[in-house]
Amino acid sequence: MRLLERMRKDWFMIGIVLAIAGAKLEPSIGVNGGPLKPEITVSYIAVATIFFNSGLSLKTEELTSALVHLKLHLFIQIFTLAFFPAAIWLFLQLLSITPINEWLLKGLQTVGCMPPPVSSAVILTKAVGGNEGIVITPLLLLLFLGSSSSVPFTSIFSQLFMTVVVPLIIGQIVRRYIKDWLERKKPPFGAISSSVLLMIIYTTFCDTFSNPNIDLDKFSLVLILVIIFSIQLSFMLLTFIFSTRNNSGFTPADTVAIIFCSTHKSLTLGIPMLKIVFAGHEHLSLISVPLLIYHPAQILLGSVLVPTIKSWMVSRQKKLLQTRGPLANLNNPEGLESLSIKFGH
């Protein structure tokens, strides 16, 4: 029973493995021009479905109330979309002299350019994750990896607008008319987007396995895995140090939000965006691998660290109450529970 419960909980991770294995066994089904017609069903329909679904699920009424945390959002934006990609770029200058597969290294750079997940830390990440990322992420990808992209700049943004922005706006408009029904029925938005995402992952790897010229050495893969865990832990520690300085002005609960929101990266936005920016690129799947590793790594690390971070936060809040009195923590009295941290895509 425990195994079944675990499988039910981690079905998306299992799905990623099965999707890649299925692509390895029968790549002809999902290649461009194959039976699934991914050049249409994935590039347009699947991506648009994910963002229409996001538009339906995004509670804009909660975003307005979340904007009071302006300083918190600004810190997360700067760290995620400026410091993170720049730091990765500098790190990759050192790694470029190693024998690690160059396309996996480029994939690491794409991870750095991604925004946080839409549901990584409930309202806080919704307020910073999806909107700016749609514009800034492609710009960052073109800035750091411009020579790798075979698609014209104008074509990238026109497709992003039609398959990401327009469905998102339509989803929000539809939500206004069926809001009560959505609140009552609570459709499984996350499961729907994840299922569509598995199809995108499957077709991406079908293109790879159908190309005999692409080879991925295990040494590079293991090193990338170690590097990704190291990056996440280092950046989580860095955000903790920055946000707990005496003059930072952040509450313990703010620190928790910063640690997770600043270091998590969006798979739901990332894979479709890579599919658009690197359309037709023979190494697209290799570029996608670090992001596919980063996602389960952030869930695993988050699950392991939440009890420790929660314990620290409660202890810190008690000290604040003792030293500053009962008014010290009125800004966020609920602490970690009010954030309802969950690890999204």
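Our subject in this report is the structure included herewith. (Residues numbered from 1 in each chain as written. Predicted model: local features only at pLDDT ≥ 70, side-chain atom pairs only at ≥ 80, totals over all residues. Heavy atoms only, no water.)

1. Focus on the nonpolar core
Here's step 1: Leu-108, Leu-197, Ile-200, Ile-201, Ile-224, Leu-267 and Ile-271 are the most contacted members of the largest nonpolar core, which has 62 residues in total.
Here's step 2: Among the elements that line this core, the one with the most residues is helix 14 (residues 284-324), at 9 residues.
Here's step 3: Setting aside its immediate chain neighbours within four residues, Leu-108 contacts Ile-88, Leu-92, Leu-95, Ile-224, Ile-227, Ile-228, Ile-231 and Pro-290.
Here's step 4: If you look at the next biggest cluster of nonpolar residues, it comprises 7 residues, including Ala-253, Val-256, Ile-259 and Phe-260. (Core = buried A, V, L, I, M, F, W, Y, C linked by side-chain atoms within 4.5 Å. Buried < 20%, exposed > 50% of the residue type's maximum accessible area, 1.4 Å probe, protein only. Helix = DSSP H or I, 4+ residues; strand = E, 2+ residues; numbered from the N terminus. Contact = heavy atoms within 4.5 Å.)

2. Here we look at the packing of aromatic side chains
Here's step 1: Overall, the coordinates contain 10 aromatic pairs when judged by the stated rule.
Here's step 2: Taken together, a centroid distance of 6.3 Å and an interplanar angle of 10° make the contact between Phe-75 and Phe-79 stacked. Taken together, the residues Phe-75 and Phe-79, both in helix 5 (residues 70-95) and 4 residues apart, mark about one turn of the helix.
Here's step 3: For Phe-79, a relative accessible area of 5% gives the class buried.
Here's step 4: Here Phe-83 and Phe-235 contribute two aromatic rings whose centre-to-centre distance is 5.8 Å and whose plane-to-plane angle is 55°, an arrangement assigned as tilted. One end of the pair, Phe-83, is in helix 5; the other, Phe-235, is in helix 11 (residues 218-243), with 152 residues separating them in the sequence. (Phe/Tyr/Trp six-rings, centres within 6.5 Å; stacked < 30°, edge-to-face > 60°.)

3. Observations concerning helix 13 (residues 267-277)
Here's step 1: Burial runs high along helix 13: 11 of the 11 residues are buried.
Here's step 2: When we look at burial in helix 13, the residues that qualify are Leu-267, Thr-268, Leu-269, Gly-270, Ile-271, Pro-272, Met-273, Leu-274, Lys-275, Ile-276 and Val-277.

4. So, unusual backbone geometry
Here's step 1: You will see that Lys-37, though not glycine, has its phi angle at about 50°, which is positive.
Here's step 2: Positive phi, close to 50°, is recorded for Lys-186, a residue that is not glycine.
Here's step 3: The class for Lys-186 is exposed, based on a relative accessible area of 59%.

5. A look at a nonpolar patch on the surface
Here's step 1: The grouping of Leu-3, Leu-4, Met-7, Ile-14 and Leu-18 at the surface amounts to a nonpolar patch, some 490 Å² of accessible area in total.
Here's step 2: Element by element, the count of residues in the nonpolar patch is highest for helix 1 (residues 2-9), at 3 residues.
Here's step 3: Residue placement: Leu-3 occurs in helix 1. (Patch = residues over 30% accessible without salt bridge, like charges linked within 9 Å, V, L, I, M, F, W, Y side chains within 5 Å. Areas by Shrake-Rupley, 256 points an atom, 1.4 Å probe, with all protein chains shown as cover. Salt bridge = Lys/Arg side-chain N within 4 Å of Asp/Glu carboxyl O.)

6. Some words on the packing of helix 10 (residues 189-209) against helix 13
Here's step 1: Between helix 10 and helix 13, the shortest axis-to-axis distance is 10 Å and the interhelical angle comes to 40°. The pairing of helix 10 with helix 13 is recorded here as oblique in orientation. Considering the relative orientation of helix 10 and helix 13, their crossing is left-handed. For the pair formed by helix 10 and helix 13, the contact residues are Leu-197, Ile-200, Ile-201, Thr-203, Thr-204 and Asp-207 on the first element and Leu-267, Thr-268, Ile-271, Pro-272 and Lys-275 on the second.
Here's step 2: Looking at side-chain class alone, the contact of helix 10 with helix 13 contains 6 nonpolar, 3 polar and 2 charged residues. (Axes fitted to C-alpha atoms, helices over the stretch in contact; angles between N-to-C directions. Parallel < 35°, antiparallel > 145°, perpendicular 65-115°, else oblique. Left-handed = near helix turned anticlockwise from the far one by under 90°. Nonpolar A, V, L, I, M, F, W, Y, C, P; charged D, E, K, R; others polar.)

7. A word on helix 3 (residues 38-57)
Since there are 3.6 residues in each turn of an α-helix, residues three or four apart along the chain are aligned in direction.
Here's step 1: The largest bend in helix 3 comes to about 25°, at Ile-45.
Here's step 2: Taken as a whole, helix 3 has its buried residues at Pro-38, Val-42, Ser-43, Ala-46, Val-47, Ala-48, Ile-50, Phe-51, Asn-53, Ser-54, Gly-55 and Leu-56. (Bend = angle between axes of the 7 residues up to and from the residue.)

8. Details of the pattern of salt bridges
Side chains that differ in sign of charge can pair as their charged atoms come close.
Here's step 1: Going through the model one piece at a time under the given rule, you end up with 1 salt bridge.
Here's step 2: Glu-183 is paired through a salt bridge with Arg-175; the nearest N and O atoms lie 3.1 Å apart.

9. Examining the environment of Leu-182
Here's step 1: Residue position: Leu-182 is located in helix 9 (residues 153-185).
Here's step 2: A sequence separation of 125 residues divides Leu-182 from Ser-57, and the C-alpha atoms of the two residues are 8.4 Å apart.
Here's step 3: In this structure Leu-182 touches Leu-56, Arg-175, Pro-187 and Phe-189, once residues within four positions along its chain are discounted.

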